[in-house]
Amino acid sequence: MDKNAIKVENLVKSFGEADSEVVVIDGANFSLSKGEFVALIAPSGSGKTTLLMMLGCALEPTSGKIVIGDRIVYDNKWKIKDDRALRRKKIGFIFQSHYLIPFLNIEENISLLPYQNGEKPKVVKQRVKEILDYLDMGDKLYNMPSELSGGQNQRIAIARALANKPDIILADEPTAALDQKRAVSVVKMLKKITREQDVTIIMVTHDERLLPYCDKVLTIKDKKILVEENSDEHII
Amino acid sequence: MINLAYKDISHSFSKFIVTAISVGVLLGIVIIMIGVYRGMVFDAKSLVDDIKADIWVVQQDTLGPFAQNSKVHEDLKEQISYQNGIKSASAITFETIQMQNCYGDFKVMIVGYDPLSNIDVINMDKLIAGRTINKQHYEIVVSKKTHYKLGESIKLGRDYFKVVGITKESVSNGGDYLMFVSLKDAQMLQFTYTNERVKSDESRGIKGGNPHLVNAIIAEIKDGYNPKRVATNIEEATHKKVFTKDEQKRLLLEKVIKKSSKQIGMFTVILIIVSIVIIALIIYTMTLEKIKEISILKLIGISNWTISKMIVEETVLLGFLAFISGNIFARLVQGAFPKRIVLELSDAFILFIIILIASIFASLFGIYKVIKTNPSEAIGG
């Protein structure tokens, strides 16, 4: 776990200007390695999603620096021309709800991004099958999202996030809509992915019972980011 | 690559079709409105086009016989016949009356013409049953829409007329059905009064009416003669007003139906504008309905091009289906209208292009709005 996945230096995000300016993140500094499973916790409205969107290059910071892998993507201004291209090649997203595209079946939902990256259909189909088998959902290839349960759809959302072989997965409360049993199951799966696929996952959560599954915990407190490493004996 | 538009439409096929048909009905109404306008213009010229006359001789200082009342003596036709360049001349009368049969009340224009004349007054292409008049009395050719049958007897004035022919789409400049009778019968109908009226006139010292009046003399011109020059010569020789066929049509358009057609035209333009706004709003709303899906697509890295392509493809397909269903709707209801509706494919096509451009703009505006939306709104951040 020594290869850098994401590095943030003096990251600031504020909304509004002058008297109405509200600072949400004030000088965040942290560094995450490849294959780490990281929890991001904070009270509601304290900027978790804002931080996640900035790390995903979907929201422009006010200042600071973001490095993904060995590439500087933001240094007081965007250093990349096409944020979408970066996202579809390097970053996977998992949301609170599965947010699968309702008019695409499971195979199409997962293969959308690889196709957009210009990959060949044969390769894409093979990978989709592998990912679904990996997540024990291999028999749901041609189902529509509406035909699956919430937990199954969330697994498909994880599959979609893995489809472009990302370096980082940003998961915004992926267990919020699930009961405790399913939440633990999803978190275990995410942890397995970090270990076996060498992917860094940053997971926003309110559920402190899930923290022992993570390697690190990022806490937003007073607009600052506190980094806490889970000691090996505490990690489940 | 997955065709997102096709997938989205397949997923909500019935909703898409219902929307397309609804938009199509709206388009159909606009197409019909354009057809009403075209029909009015067509009808205005129809009778003058049907009558194979090159010039119309009418009462001096009038714009007769359609834009203004005109009465000339029947024997004027002899004088016209001898004019240089005239092939043949004939007298004609027009009278609008109200009629009633078991199908209801309707207005008809009675055209009186000389059955022995060489000038065709009834357009033979429009004669769908029977024959033209070949007797000087008590025969009548009717429009199909009056519902009279061949051989049926119709009372007009004091006499009964036998239906010998049926025409289709023969209408007056006002869109009323046409009925053709012989000139002599038409003169009796128009210029002969009832016994009571004659007695009343006589008690006032007015001696009987003149049944030998007509509304106009129509004439055909020999090949090689200029209608305008012949008309000018006749005006000088007879002290009557003479119009060429084109002038008569222009009179009908400019004097008779100008205000009505302008009114319909204005209404059509307003309807087109309102329809464009409604259809653009439907498309815009359809695009905004996908805000969550588009935000997700955007967030996971799908390009604006792919997203825009999906929306524009759906818009074009919706427009195309609406165009088809609108035309079908217009053609289905066309026959139910009492007056002529002229549906021209070119009008529908131009309308389709206008609506399509407006719809694409509306969808692009919707896409712009969706793409500008903060994606975190889609994931509830």
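Here we come to the overall build of chain A. Check the secondary structure of chain A and you find six helices and 10 strands. Here the C-alpha radius of gyration of chain A, 18 Å, is about what a compact globule of 236 residues would show, namely 18 Å. Counting only C-alpha atoms, chain A reaches 55 × 40 × 35 Å along its principal axes. Scored against the burial criterion, the 236 residues of chain A give a buried share of 57%. Counting contacts in chain A only where the partners sit at least 6 residues apart, residues at least 24 apart contribute 68% of the total. Counting every atom, chain A has about 10500 Å² of accessible surface; 46% of that belongs to carbon and sulfur. The centroid of the 35 positive side-chain charges in chain A is displaced by 5 Å from the centroid of its 34 negative side-chain charges.

So, about the packing of aromatic side chains. Aromatic ring pairs are reported here in terms of the distance separating the ring centres and the angle at which the planes meet. Residues and elements named next belong to chain B. Evaluation of the coordinates by the stated rule reveals 14 aromatic pairs over all chains. A ring pair is formed by Phe349 and Phe352, whose centres lie 6.3 Å apart and whose planes are at 45°; its orientation type is tilted. Here the residue Phe349 and the residue Phe352 both occupy positions in helix α11 (residues 345-372), the gap between them amounting to three residues, near one helical turn. Judged by its relative accessible area of 46%, Phe349 falls in the partly exposed class. Judged by relative accessible area, which is 11%, Phe352 ranks as buried.

So, on to the sheet that holds strand β2 (residues 22-33) of chain A. All names here are of chain A. The strand order across the open sheet formed by four strands is β2-β1-β4-β5, and the pairing between neighbours is antiparallel. Each edge of the open sheet carries a strand with a single partner, namely β2 and β5 (71-75). Ignoring strand direction, the axes of neighbouring strands in this sheet form an average angle of 15°. Here five bridges tie strand β1 (residues 4-15) to strand β4 (residues 63-68), and the two strands are oriented antiparallel to one another. Considered in β4, the bridge of Val8 is made with Ile66.

Rules of the game
Residue positions are counted from 1 within each chain, in the order its sequence is given. Chains and ligands are labelled by the order in which they are written, letters from A for the one and numbers from 1 for the other. Side-chain atom pairs in this predicted model are given and counted only at pLDDT of 80 or more, local residue features only at pLDDT of at least 70, and totals for whole chains, interfaces and linings cover all residues. Side-chain numbers here rest on the full set of heavy atoms in the structure, without hydrogens or water. The way it works is that DSSP assigns letters per residue, a run of H or I at least four long becomes a helix, a run of E at least two long becomes a strand, and they are numbered from the N terminus. Throughout, the radius of gyration refers to the C-alpha atoms, and the reference size of a globule is 2.2 Å times the residue count to the power 0.38. Think of it in three bands: residues with accessible area under 20% of the maximum for their type are buried, residues over 50% are exposed, and the middle band is partly exposed, with areas taken using a 1.4 Å probe on protein chains only. Residues are treated as being in contact if the distance between any of their heavy atoms lies within 4.5 Å. Residue-level accessible areas treat just the shown protein chains as cover; the underlying method is Shrake-Rupley with a 1.4 Å probe. Here the positive residues are Lys and Arg and the negative ones are Asp and Glu; neither His nor the chain ends is included. A charged residue contributes its charge at one atom only: NZ of Lys, CZ of Arg, CG of Asp or CD of Glu. Any pair of Phe, Tyr and Trp rings, taking the six-membered ring for Trp, is counted once the centres come within 6.5 Å. Such a pair is stacked with planes under 30 degrees apart, edge-to-face with planes over 60 apart, and tilted for the rest. Any two strands with at least two DSSP-identified bridges between them are counted as paired. The angle between two axes is taken between their N-to-C directions and runs from 0 to 180 degrees, where each axis is a line fitted to C-alpha atoms and a helix contributes only its stretch in contact.

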